[in-house]
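# Observations on the three-dimensional arrangement
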2 protein chains.
Amino acid sequence: MLNKANLELGMSPSMIRRLFEYSKKRKEEIGENNVFDFSIGNPAFKTPDKVTNELIDLIKNTDPVVLHSYSSSSGIDSVKKVINNNLYKKYQINVDEKCLYLTCGAAASLTISLHALINEGDEIIIIAPYFPEYKIFIENAHGKVVILDSEIPSFLPNLVNLEKLINEKTKGIIINSPVNPTGVLYKDETLKQIADILNKKQKEYHNNIYLLSDEPYRELIYDGLSYPHPASYYDNTIICYSYSKSLSLPGERIGYIALNDKIENKQELFYAICGSGRALGFVCAPVLFQRLIERVDTNLVDINLYQDNRDYLYHELINIGYEVVKPEGAFYIFIKALEDDSYNFIKKALKYELIMVPSDSFGVKGYARIAYCVKKDLIEKSIESFKKLYLEYKEKRNE
Amino acid sequence: MLNKANLELGMSPSMIRRLFEYSKKRKEEIGENNVFDFSIGNPAFKTPDKVTNELIDLIKNTDPVVLHSYSSSSGIDSVKKVINNNLYKKYQINVDEKCLYLTCGAAASLTISLHALINEGDEIIIIAPYFPEYKIFIENAHGKVVILDSEIPSFLPNLVNLEKLINEKTKGIIINSPVNPTGVLYKDETLKQIADILNKKQKEYHNNIYLLSDEPYRELIYDGLSYPHPASYYDNTIICYSYSKSLSLPGERIGYIALNDKIENKQELFYAICGSGRALGFVCAPVLFQRLIERVDTNLVDINLYQDNRDYLYHELINIGYEVVKPEGAFYIFIKALEDDSYNFIKKALKYELIMVPSDSFGVKGYARIAYCVKKDLIEKSIESFKKLYLEYKEKRNE
């Protein structure tokens, strides 16, 4: 008998991955430009030229022995210094560079943090709609998943319920702003209220409750809005970051965990993170990309391309008649399915070569996620399919 | 309360890592060439020029969107095909390319495999002296570590005891040939006997017992010897590989898990591996290095440099009077400490700037590991220190 949980997991790959594999096949059959693949957050916009040039420069002009050798498990000191400085410059938050831990991307940042925090049975709150991997990561760390609902139509967390869900076993809450899959941005008011509730409950239970801020999309914010950083609101904040989206390097697996300076047991938590990374087999984050980050930490992809996509797609969908949540960040649109069963809805959409992810994957019913991190012409070409899909439902209603 | 096991682990980093950090500091104090750092398996020989050139070519001449995007979780198909073909060419073993899983190096290959196999309480046998991380990886997967001793002076596994240690809870055994820390190579006879015992016990308990072959050093074999591949001897063999040593890319984290074609429940096991990799947060192996492997899978570092180091160091140590195990592979020499307490021995060695790892880290007493993957002139310069250390003990005995 193999490991039961992992066997089950492997036999039912995530809907996102399944649609990703379906789309790969479908593209081979009918051509890449005829499949409107909105399934996965795989950016279609290239990494900045500076990234490419610095990569080449690093490889050409660094002694290969130095370049490719192991780093300390938590990463290269000079890289941490750069990250630390830029976090302060961008968000005026202090993190201790001695407590920075470079990782293989956001998933690793989360699993390492969760395994550092959780003792069997501890509870972690996630907010529906949530990124589906959260559940798997928490359960793998032998934690209990507690789901908080969102208010409709704002898709902001239901704070009355948050207060009710916290108990003496609550170890943390994962916050992901701007949110995958809705694109909703948590503003000043929401973050303040969350911090108030967590602080109150920490006192009540004499426990630390950690806010895990999963923030790979924090730089993808539109309409000139700025990103209110959770660490400015709540002391016990663990930053889980990835460069996958901000530098368009999703396959290279590079990110970090940073601890807010005001975390009371910061040093102890950092030790637990080091132990966790080691026990899970991470060794060190890929060193070529660590050194790259030292040079390009702030050289982001062109956000205007995403904003342009959002503007266009949002207005077209509204014009057709769809109900959608207007995203202020990330690169997802959450669209109301035209029937209660979102699986049926996305299945019908496949007839028109539209690939979306049913919202059941994110823990809510009746919606679908559109990842619009694709080339604009593909979005333009897809509008006809969105129209046909809408018409199909309209005709059925009129029958 | 943070996670207890990981906090403890993080507060007591491995002896190897601690010595590595000590050596970094010491080098800053007295200069890099005055510290004889034999602590860590960080190759001092550069990756082949072909690797560097292919990396640059990949970055220069591939569409960056394609180059850096997510791959399937198990890796890029064309890369798997190359690995598969080369495994057959080199060792005449068949692995199904559909059951290949690219990883972030050997540690990840092991943790992912162990988490795929182990249900709470299952037992995994490791052979002392063993790579210290094995214990941590097994325990993190909620398995029980069972330690098999080696015969002295051959440092081959004690096969009489192997038979006794296997019971109905035995899920697997980790084999690491050539062995870190002794450099001993398992030959035909040993592998045959191990396979016989495992096959007999599988029948007896109606259970699969998996042989996890941790083989990052399989290409570093000296004296013209060849590598007898465990999968040629035993059907239920899981290959855990890393390019860290064979391509001198330890910090880049690239390797794979390959399943022997004859594993009965191969497909099921592959699913469990996919589930395990996902739950641990690996997402996919770094894609730039996946694509690199497609081009350089067989372009190894120059083995002669290591053999030259081994020949020189082995003979010098013998001439001084040390008792050492003659290594036939890998890049470690296991030297008998000059007193029972190997911690004291390596502490005394530090006075002469010799950094070795005490054998207690590997689960046996009275030895030290020398990692000779350093430049030869450093070894030459170190001989004087080895002499002084030997004399210190001799004089004490004569007092």
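Within every chain, residues take consecutive numbers counted from 1 along the sequence as written. All chains are assigned letters beginning with A, and all ligands numbers beginning with 1, in the order in which they are written. Side-chain atom pairs in this predicted model are given and counted only at pLDDT of 80 or more, local residue features only at pLDDT of at least 70, and totals for whole chains, interfaces and linings cover all residues.

On to the interface of chain A and chain B, then. Note on interface size: it is often stated as the accessible area lost on association of the parts. Residue pairs are scored as contacts if the distance between their C-beta atoms, which are placed from the backbone, is within 7 Å. Listed by partner, the interface residues are 67 residues for chain A and 68 residues for chain B. Elements are defined by DSSP. Helices are runs of H or I of four residues or more, strands are runs of E of two residues or more, and each kind is numbered from the N terminus. Counting only elements with at least two residues in the side of chain A that touches chain B, the list comes to helix H1 (4-11), helix H2 (15-30), helix H3 (49-61), helix H4 (64-68), helix H6 (106-117), helix H7 (133-140), helix H10 (266-280) and helix H11 (287-296) of chain A.

With that out of the way, let us pick up the relation of the copies chain A and chain B. Turning one copy of the chain about an axis and sliding it along that axis gives the other copy, so a rotation and a shift relate them. C-alpha atoms of residues with pLDDT of at least 70 in both copies form the basis for the least-squares superposition of the copies. Turning chain A through 180 degrees and shifting it by 0.0 Å along the axis lays it on chain B, with an RMSD of 0.0 Å. Here the two chains are linked by the operation of a two-fold rotation axis. By C-alpha distance to the rotation axis, the residue of chain A lying nearest is Ile56(A), at 3.0 Å. Both copies contact each other with a shared surface, as 100% of the interface residues of chain A are interface residues in chain B too.

Residue and element names in this part refer to chain B. With respect to topology, seven strands assemble into an open sheet ordered S2-S8-S7-S6-S5-S3-S4, the strand pairing being mixed. The sheet terminates laterally at strand S2 (101-103) and strand S4 (144-148), the two strands that pair on one side only. Sheet twist, expressed as the mean angle between neighbouring strand axes with direction ignored, is 25 degrees. Following DSSP output, two strands are said to pair if at least two bridges run between them. Whenever a helix is involved, its axis is fitted only over the stretch in contact; in every case the axis is a line through C-alpha atoms, and angles between N-to-C directions fall within 0 to 180 degrees.

Time to look at the packing of helix H5 (residues 77-91) of chain A against H11(A). Residues and elements named next belong to chain A. For the pair H5 and H11, the least separation of the axes is 9 Å and the interaxial angle reads 40 degrees. On the basis of the axis angle, H5 is oblique to H11. Remark: the crossing between H5 and H11 carries left-handed chirality. Contacts between H5 and H11 pair Ser 78, Val 79 and Val 82 from the former with Gln 290, Arg 291, Ile 293 and Glu 294 from the latter. Here the angle decides the label: under 35 degrees means roughly parallel, over 145 means roughly antiparallel, 65 to 115 means roughly perpendicular, and every other value means oblique. In this scheme the handedness of a crossing depends on how the near helix is turned from the far one: anticlockwise by less than a right angle means left-handed, clockwise means right-handed.

Moving on, we get to the environment of Asp122(A). Residue and element names in this part refer to chain A. Following the sequence through the fold, Asp 122 ends up in the loop between H6 and strand S3 (123-127). The sequence separation of Asp 122 and Ala 141 amounts to 19 residues, and the corresponding C-alpha distance is 9.5 Å. With residues near it in sequence (within four places) discarded, Asp 122 still touches Gly 143, Lys 144, Lys 169 and Lys 171.

Our next topic: the domain arrangement of chain A. All names here are of chain A. The domains assigned to chain A are domain 1 (4-47 + 301-398) and domain 2 (49-296). For the domains described, the bounds stem from an automatic or database domain assignment. Look at where the C-alpha atoms of domain 1 and domain 2 centre, and you get two points 26 Å apart. In this assembly, 28 residues from domain 1 lie in contact with 30 residues from domain 2. Looking at the side of domain 1 that touches domain 2, the elements that each hand over two or more residues are helix H12 (303-320) and strand S10 (332-336). Considering each element in turn, the side of domain 1 that touches domain 2 owes the most residues, four residues, to H12.

Attention shifts here to the sheet that holds strand S12 (residues 367-371) of chain B. Residues and elements named next belong to chain B. The antiparallel open sheet is built from three strands, whose spatial order is S9-S12-S11. The open sheet has two edge strands, strand S9 (332-336) and strand S11 (357-358), and neither has a second partner. Relative to S12, S11 is paired through two bridges, and the arrangement is antiparallel. Residue pairing for S12: Pro 358 is matched across the bridge by Ala 368.

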